[in-house]
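The lines below spell out each chain.
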Amino acid sequence: MRETVLLLDQPAAGAIADAAEFLSRQGLQITHQTAYSVAFATPGGGGPARQETPELGAGQIAAVPVQLRPQWCRIWVTVNGSGAVARAAEAYVAAHQERSEAVATAVRELERGIYDEARWPAYEATLRTTLQGQGLDPAALEARLAAFKKRWLALGRKAAGSAEAG
């Protein structure tokens, strides 16, 4: 199985509709489609009546909105197999790669400051209120806050590192 992640500057539903159209033009069968994903396969699937060996494979393109810019989306192109399905997935990725790289740079910039250590106190205050509403005892509350802070700081280091790499 192969998976590629792209970022597109369009809403998830529009990206999926465009992907379904692209796959259909490639001669693939759309086996399932929602606003956030499209599954595809080689037409016919090659049942027992077929004489030749079919090109096996199936794939899915799924999209989710980018949290900080919901009118953009992250796309996962997943393919299992080879032949027409794999070629179509590769063509889809190639057609969107340059655009994806530009959007990825913009998303990294958006995400870079989110996990800044200076923002932790405000986030902690909101989180503390939420956790207190769950009736946690003080020790459990502090343990959860410590775990969240550790994760927050790790995400901040990761975001800063990816922004520097980009």
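Above this note sits the structure.
Sequence order sets the numbering: in each chain, residues are counted from 1 along the sequence as written. Thresholds applied to this predicted model are a pLDDT of at least 70 for local features of residues and 80 or more for the giving and counting of side-chain atom pairs; totals over whole chains, interfaces and linings are not thresholded and use all residues. Side-chain metrics in this entry use all non-hydrogen atoms of the structure; hydrogen atoms and water are not considered.

Considerations on the overall build of the protein
For helices the rule is a DSSP run of H or I covering at least 4 residues; for strands it is a run of E covering at least 2, with both sets numbered from the N terminus onward. Looking only at helices and strands, one finds four helices and five strands in the protein. Sequence-ordered secondary structure for the protein, helices as α and strands as β, is β-α-β-β-β-β-α-α-α. Residue burial is assigned from relative accessible area. The probe radius is 1.4 Å, only protein chains are included, and a residue is buried under 20% of its type maximum, exposed over 50%, and partly exposed in between. A total of 166 residues make up the protein; the buried ones form 30% of that total. Taking contacts inside the protein between residues at least 6 apart in sequence as the whole, the part at least 24 apart equals 54%. The accessible surface values rely on the Shrake-Rupley method and a 1.4 Å probe; as for residues, cover is taken only from the protein chains in view. As displayed, the protein offers around 9800 Å² of accessible surface, 54% of which is attributable to carbon and sulfur atoms. Contacts were defined at the residue level, with two residues in contact if any of their heavy atoms lie within 4.5 Å.

Overview of the pattern of salt bridges
Each reported salt bridge corresponds to a side-chain nitrogen of Lys or Arg within 4 Å of a carboxyl oxygen of Asp or Glu. Counting across every chain of the model gives four salt bridges. Close ionic contact of Arg99 with Asp9 constitutes a salt bridge, the shortest N to O distance being 2.8 Å. Within this pair, whereas Arg99 is found in helix H2 (residues 84-112), its partner Asp9 is found in the loop between strand E1 (2-8) and helix H1 (12-25), the two being separated by 90 residues in sequence. Residue classification places Arg99 among the partly exposed residues on the basis of a relative accessible area of 30%. A relative accessible area of 40% places Asp9 in the partly exposed class. A salt bridge links Arg128 to Glu124; the shortest N-O distance between them is 3.3 Å. Note that Arg128 and Glu124 are positioned in helix H3 (residues 120-133) at a spacing of four residues, about one turn of the helix. A cluster of three or more residues bridged by salt bridges with shared partners is formed by Glu124, Arg128 and Glu142.

Notes on the packing of aromatic side chains
Aromatic pairs are defined between Phe, Tyr and Trp rings, using the six-membered ring for Trp, whenever the two ring centres lie within 6.5 Å; interplanar angles under 30 degrees are classed as stacked, those over 60 as edge-to-face, and all others as tilted. In total, this model carries four aromatic pairs according to the counting rule given. Judged by centre distance (5.6 Å) and plane angle (70 degrees), the rings of Phe22 and Tyr92 are edge-to-face. Separated by 70 residues along the polypeptide, Phe22 in helix H1 and Tyr92 in helix H2 bring together distant segments of the chain. Overall, the relative accessible area of 12% leaves Phe22 in the buried class. Among the aromatic side chains, those forming a connected cluster through ring pairs are Trp120, Tyr123 and Trp152. In this analysis the charged atom, NZ for Lys or CZ for Arg, is taken to sit over a ring once it is within 6 Å of the ring centre and within 35 degrees of the ring normal. Its guanidinium or amino end placed over the ring of Trp72, Arg69 lies 4.6 Å from that ring's centre, counting from NZ or CZ.

Side note on the sheet that holds strand E2 (residues 29-33)
By definition, the strands of a sheet pair up through backbone hydrogen bonds, in either a parallel or an antiparallel sense. Taken in spatial order, the five strands make up an open sheet running E1-E5-E4-E3-E2, and their pairing is antiparallel. The sheet is open, and its two borders are formed by E1 and E2, each paired with just one other strand. Sheet twist, expressed as the average angle between the axes of neighbouring strands with direction ignored, equals 20 degrees. Bridge count between E1 and strand E5 (residues 69-81): seven bridges; the pairing is antiparallel. Bridge assignment links Leu6 to a residue of E5, and that residue is Ile75. Being paired, for any two strands, means DSSP has found at least two bridges between them. Note on geometry: axes are C-alpha line fits, over the in-contact stretch for helices, and angles between N-to-C directions span 0 to 180 degrees.

That's the geometry; what it means functionally is another story.
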